[in-house]
Amino acid sequence: MKYSFLTIILMTFLNSFSQESKDFIKSEQYYLTEIDSLTIKKYWENFPYENSPEPISIYLKNKNRETLYEIKISELEFYSGTTIEILNIDNLTNIEQIIHLESGSDACCTNYYSTYLLKTKEGKLIELPELEYLHCDGPTPITEYRFPNQKFGIKNQILLTKSNLNKNYEVESIEILKTYSWNGKTFELKK
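The model shown is predicted, which means the values in this text are computed figures rather than measured ones. (Residues numbered from 1 in each chain as written. Predicted model: local features only at pLDDT ≥ 70, side-chain atom pairs only at ≥ 80, totals over all residues. Heavy atoms only, no water.)

1. Considerations on the nonpolar core
Then, in step 1: In terms of nonpolar packing, the biggest core is built from 17 residues, with Leu-92, Ile-98, Tyr-116, Leu-118, Tyr-145, Phe-147 and Ile-158 touching the most fellow members.
Then, in step 2: Only strand S6 (95-106), strand S7 (110-120), strand S11 (157-165) and strand S12 (171-182) provide two or more residues apiece to this core.
Then, in step 3: Setting aside residues up to four positions removed in sequence, Leu-92 forms contacts with Ile-98, Leu-118, Phe-147, Pro-148, Asn-156, Gln-157, Ile-158 and Trp-182.
Then, in step 4: Ile-58, Leu-60, Tyr-69 and Leu-117 belong to the second-largest nonpolar core, a separate cluster that totals 16 residues. (Core = buried A, V, L, I, M, F, W, Y, C linked by side-chain atoms within 4.5 Å. Buried < 20%, exposed > 50% of the residue type's maximum accessible area, 1.4 Å probe, protein only. Helix = DSSP H or I, 4+ residues; strand = E, 2+ residues; numbered from the N terminus. Contact = heavy atoms within 4.5 Å.)

Encoded structure:
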């Protein structure tokens, strides 16, 4: 009985670990720079007088403090932050990791802007076209890329999907909007 109980706990643990590795997780390998107080002050001083203020940049950096990517924030008054998630991947030729940056812009609802960076085994970053979706109340469908390691994924293909969420905000089903094939160096829209 004691061994059966331990076996059940071990199987539950291993199952939950394997499921987590198949989706994006919060990154501790990368960080974003912050907007300094002088830049914020200058933005607000010029805000009512400039028609389109100059965008403010924050940067994605690795643990070695190397700048990898620039994010431009055009409307600071609505900016609610950016998250970084990673997906370690083994079913996409020459790609070891996907870095997902998601920035929010709040007004009545929240606009989400998603950037996906494919990190090659040589460390080069390849950017997919930016995605946007609007979230108001409840689990509404989201536009996202899905990769081979994820549920509904296909080897060496990147899917642009409309993902339908259940009440727990988990992807329940998808509608494939576009399919990109990946040859190890470039992606191409399949017809």
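The discussion continues.
2. Overview of the pattern of salt bridges
Between side chains of opposite charge, a pair can form as their charged atoms come close.
Then, in step 1: Scanning the model with the defined rule gives 3 salt bridges in all.
Then, in step 2: When the shortest N-O distance is used, the salt bridge between Lys-119 and Glu-96 registers 3.6 Å. Of this pair, Lys-119 sits in strand S7 while Glu-96 sits in strand S6, and the two are 23 residues apart along the sequence. (Salt bridge = Lys/Arg side-chain N within 4 Å of Asp/Glu carboxyl O.)

3. A few points about the sheet that holds strand S2 (residues 30-32)
Then, in step 1: On the basis of which strands lie adjacent, the open sheet formed by 3 strands has the order S2-S3-S4 and antiparallel pairing. In this open sheet, the two strands that pair with only one neighbour each are S2 and strand S4 (67-73). The sheet shows a mean angle of 20° between the axes of neighbouring strands, taken without regard to direction. (Pairing = 2+ DSSP bridges. Axes fitted to C-alpha atoms, helices over the stretch in contact; angles between N-to-C directions.)

4. Quick word on the state of the cysteines
What is meant by a disulfide is a covalent connection between two cysteines, made through their sulfur atoms.
Then, in step 1: Scanning the model with the defined rule gives 1 disulfide in all.
Then, in step 2: In this model Cys-109 forms its disulfide with Cys-136; the gap between the sulfur atoms is 1.8 Å. One quick way to see it: the torsion about the S-S bond of Cys-109 and Cys-136 is about 105°, and its sign makes the bridge right-handed. Taken together, the residues Cys-109 in the loop between S6 and S7 and Cys-136 in the loop between strand S9 (131-135) and strand S10 (142-146) connect sequence positions 27 residues apart.
Then, in step 3: Residue classification places Cys-109 among the partly exposed positions, given a relative accessible area of 23%.
Then, in step 4: Unpaired in terms of disulfides, Cys-108 finds its nearest cysteine sulfur in Cys-109, a separation of 6.3 Å. (Disulfide = S-S within 2.5 Å.)

5. What to know about the environment of Tyr-116
Then, in step 1: Looking at where Tyr-116 falls in the secondary structure, it is placed in strand S7.
Then, in step 2: Along the primary structure Tyr-116 and Leu-101 are separated by 15 residues, whereas in three dimensions their C-alpha atoms are 6.4 Å apart.
Then, in step 3: In this structure, Tyr-116 is in contact with Phe-24, Ile-98, Ile-99, His-100, Ile-126, Glu-127, Leu-128, Leu-131, Glu-144, Tyr-145 and Phe-147, ignoring residues within four places of it in sequence.

6. With respect to the layout of surface pockets
Then, in step 1: What the largest pocket holds in volume is close to 690 Å³.
Then, in step 2: For the largest pocket, the lining is made up of 21 residues, of which Asp-23, Glu-144, Arg-146, Tyr-169 and Val-171 are closest to its centre.
Then, in step 3: For the lining of the largest pocket, the secondary structure elements donating two or more residues are S6, S7 and S10.
Then, in step 4: Counting residues per element, the lining of the largest pocket draws most heavily on S10, which supplies 5 residues.
Then, in step 5: Residue composition of the lining of the largest pocket, by class: 8 nonpolar, 5 polar and 8 charged.
Then, in step 6: Of the voids in this model, the second largest pocket is the one considered here, and its volume is about 350 Å³.
Then, in step 7: Lining of the second largest pocket is provided by 15 residues; of these, Lys-72, Ile-73, Ser-74, Ser-103 and Tyr-113 occupy positions nearest its centre.
Then, in step 8: Contributions of two or more residues to the lining of the second largest pocket are made by S4, S6 and S7.
Then, in step 9: The biggest single contributor to the lining of the second largest pocket is S4, with 5 residues.
Then, in step 10: Looking at the lining of the second largest pocket, its residues break down into 6 nonpolar, 5 polar and 4 charged. (1 Å grid on protein atoms, 1.4 Å probe; cavity = no way out; pocket = protein on both sides within 12 Å on 5 of 7 lines; lining within 4 Å. Points joined across faces, edges and corners; volume = space filled by probe spheres on them. Nonpolar A, V, L, I, M, F, W, Y, C, P; charged D, E, K, R; others polar.)

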